[in-house]
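Structural features, examined
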Amino acid sequence: MKRREFVGASLALAAAAPLRGWTAILKDVGDVAAKSLDGADLNLPGSAVADFAAGLNGDLLLQGNPAYDARRRVWNGLFDRKPALIACCTGAADVRRAVDFARDNKLLTAVRAGGHSISGKSTCDGGFVIDLQQMQGVRVDPGAARATLEAGSLLSLLDHETTAHGLAVTAGTVSHTGAAGLTLGGGFGRLGRRFGLTCDNVQSFDIVTADGRLLRASDAENPDLFWGLRGGGGNFGVVTAIEYRLHRMDPVVLGGDLVWPAAKARDVLRYFRDKLPGWPHELYAEPLLVAGPEGPVLSMEVLWSGDRAKGEAALKELRAFNSPVADGIGPKRYVDIQRGLALRAIARPQDLHG
């Protein structure tokens, strides 16, 4: 290929690529229409956008980029929003730069980690999304029973790494939830009765505050901020890492579903209400009215996270109450239950025993 053809082809590729590193210098971005914090329209000078992109290690995505549509989508499809810019951060340095850019330009800003926010807080129309999806990783210290998690990690990764060492922490009930959002909102889960909320088990946070500083928040450092972050929501800054206290737990638990016909739902729910306060903390149970193959049923998901022999005895009364039509409880890997791969007892009773 001749030099002129090579340069021409390279420039064409650069125009289609994310605004990253030297490609930002080659591309004439032009002004970018965006939304301010108060909802007003504003234009970001192309030179400012290019300078911002050049200083990122990750990509800066604008509408029209091939990767833009995939990165703007969030779990709740009701929110089909189109931000003006998406900064795909690879570490705390990128997050600091993104926060500075948002503050300096007074941009409407959303932070996306797992993107699982039911209320759509992970995105915004016309604003700026600080995207943490590439910041994934969990490091476990088995001796200290601690895990340090990067803020883009999902619960499935946290469970996978911790249970490999016979350790665990309360981590939601849906494995593709972002760990950071869950923790900042409190964090319910199948181990909550035994180990407390997810936020109860946080040792420290790394957080970029609105002024662009990277701080550590713990009992010893910035304790007021630490207090607020544990369940107070995500508006204190952008959390980049979380350290958790872990607990010893057998990675194989007793778990599965009990199923009753809908006609027995009232009696079963009353039994659940009356018995729950006295049940051991190792026992998690959640009743749901669901549509089964042969009509509505009451399905109760059950998990015992303690000693299995004691669990068999503790669950005996519940498993016999009011003659359930299906019983899928048995030894299962905790990570499989978290991923929803355990046997679901909503199948027909005869399918469970075939």
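Each remark here, short or long, concerns the structure printed above.
My aim in this report is to walk through the structure given alongside it, one point at a time. (Residues numbered from 1 in each chain as written. Predicted model: local features only at pLDDT ≥ 70, side-chain atom pairs only at ≥ 80, totals over all residues. Heavy atoms only, no water.)

1. Some details on the overall build of the protein
The cut-off we apply is this: Numbering of helices and strands starts at the N terminus; helices are DSSP runs of H or I of at least 4 residues and strands are runs of E of at least 2. Residue exposure ignores everything except the shown protein chains as possible cover, and the areas themselves are Shrake-Rupley values with a 1.4 Å probe.
When its secondary structure is counted, the protein shows 13 helices and 18 strands. Carbon and sulfur atoms provide 53% of the accessible area of the protein, an area that totals close to 17200 Å².

2. Details of the pattern of salt bridges
Opposite charge on two side chains permits pairing when their charged atoms draw close. Which entries qualify depends on this criterion: Just to be clear on terms, a salt bridge is a Lys or Arg side-chain nitrogen sitting within 4 Å of an Asp or Glu carboxyl oxygen. Using a 1.4 Å probe on the protein chains alone, a residue whose accessible area is under 20% of its type maximum counts as buried, one over 50% counts as exposed, and one in between counts as partly exposed.
Using the criterion set out here, one finds 15 salt bridges in the structure. When the shortest N-O distance is used, the salt bridge between Asp250 and Arg308 registers 3.0 Å. One end of the pair, Asp250, is in the loop between β13 (247-248) and β14 (252-261); the other, Arg308, is in helix α11 (residues 308-320), with 58 residues separating them in the sequence. Exposure remark for Asp250: the relative accessible area of 37% places this residue in the partly exposed category. Residue class for Arg308 comes out partly exposed when judged on its relative accessible area of 31%. Here Asp327 makes a salt bridge to Arg319, at a shortest N to O gap of 2.8 Å. For Arg319, a relative accessible area of 22% corresponds to the partly exposed category.

3. Thoughts on the sheet that holds strand β5 (residues 109-112)
Whenever strands of a sheet pair, they do so through backbone hydrogen bonds, lying parallel or antiparallel. For clarity, the cut-off: For two strands to pair, DSSP has to find at least two bridges joining them. Note on method: axes are straight lines fitted to C-alpha atoms, helices fitted across the in-contact stretch only, with angles between N-to-C directions ranging 0 to 180 degrees. Should any heavy atoms of two residues lie within 4.5 Å, those residues are counted as being in contact.
Strand order in the open sheet formed by four strands is β3-β4-β6-β5, and the pairing between neighbours is mixed. Only two strands of the sheet have a single partner each, and these edge strands are β3 (60-62) and β5. This sheet shows a mean twist of 20 degrees between the axes of neighbouring strands, independent of strand direction. Pairing between β3 and strand β4 (residues 85-88): three bridges, direction antiparallel. The residue of β4 that forms the bridge with Leu62 is Leu85. The strands touched by helix α3 (residues 46-54) are β3, β4 and β6 (128-131); relative to β3, the strand with the most contacts, the crossing angle is about 145 degrees.

4. Here we look at unusual backbone geometry
Phi angles above zero are rare outside glycine, and Lys106 is one such case at about 50 degrees. Position of Lys106 relative to the elements: it lies in the loop between α5 (92-104) and β5. Exposure remark for Lys106: the relative accessible area of 56% places this residue in the exposed category.

5. With respect to the sheet that holds strand β7 (residues 138-141)
Spatial ordering of the open sheet is given by β7-β8-β12-β10-β11, a layout of five strands whose pairing is antiparallel. Two strands close off the open sheet at either side, each with one partner strand: β7 and β11 (214-218). Pairs of neighbouring strands in the sheet enclose a mean axial angle of 15 degrees, with direction left out of account. Bridge count for strand β10 (residues 202-208) against β11 is five bridges, and the pairing is antiparallel. By the bridge assignment, Ile207 is partnered in β11 with Leu215. The sheet strands contacting helix α6 (residues 155-163) are β7, β8 (146-150) and β12 (238-245), and the helix crosses β7 at an angle near 25 degrees.

6. Things to note about the nonpolar core
We count it as follows: Buried Ala, Val, Leu, Ile, Met, Phe, Trp, Tyr and Cys residues form a nonpolar core when they are joined through side-chain atoms within 4.5 Å.
Judged by nonpolar contacts, the single largest core of 56 residues is most densely connected at Leu44, Leu60, Leu85, Phe128, Leu132 and Phe205. When residues in this core are grouped by element, the largest group, five residues, is from α5. If near-sequence neighbours (up to four positions away) are discounted, Leu85 is found in contact with Val32, Leu44, Val49, Leu60, Leu61, Leu62, Phe101, Gly127, Phe128 and Val129. Counting residues in hydrophobic clusters, the runner-up holds 17 residues, among them Leu258, Trp304, Leu315 and Leu318.

Treat this as a map of the structure, not an account of what it does.
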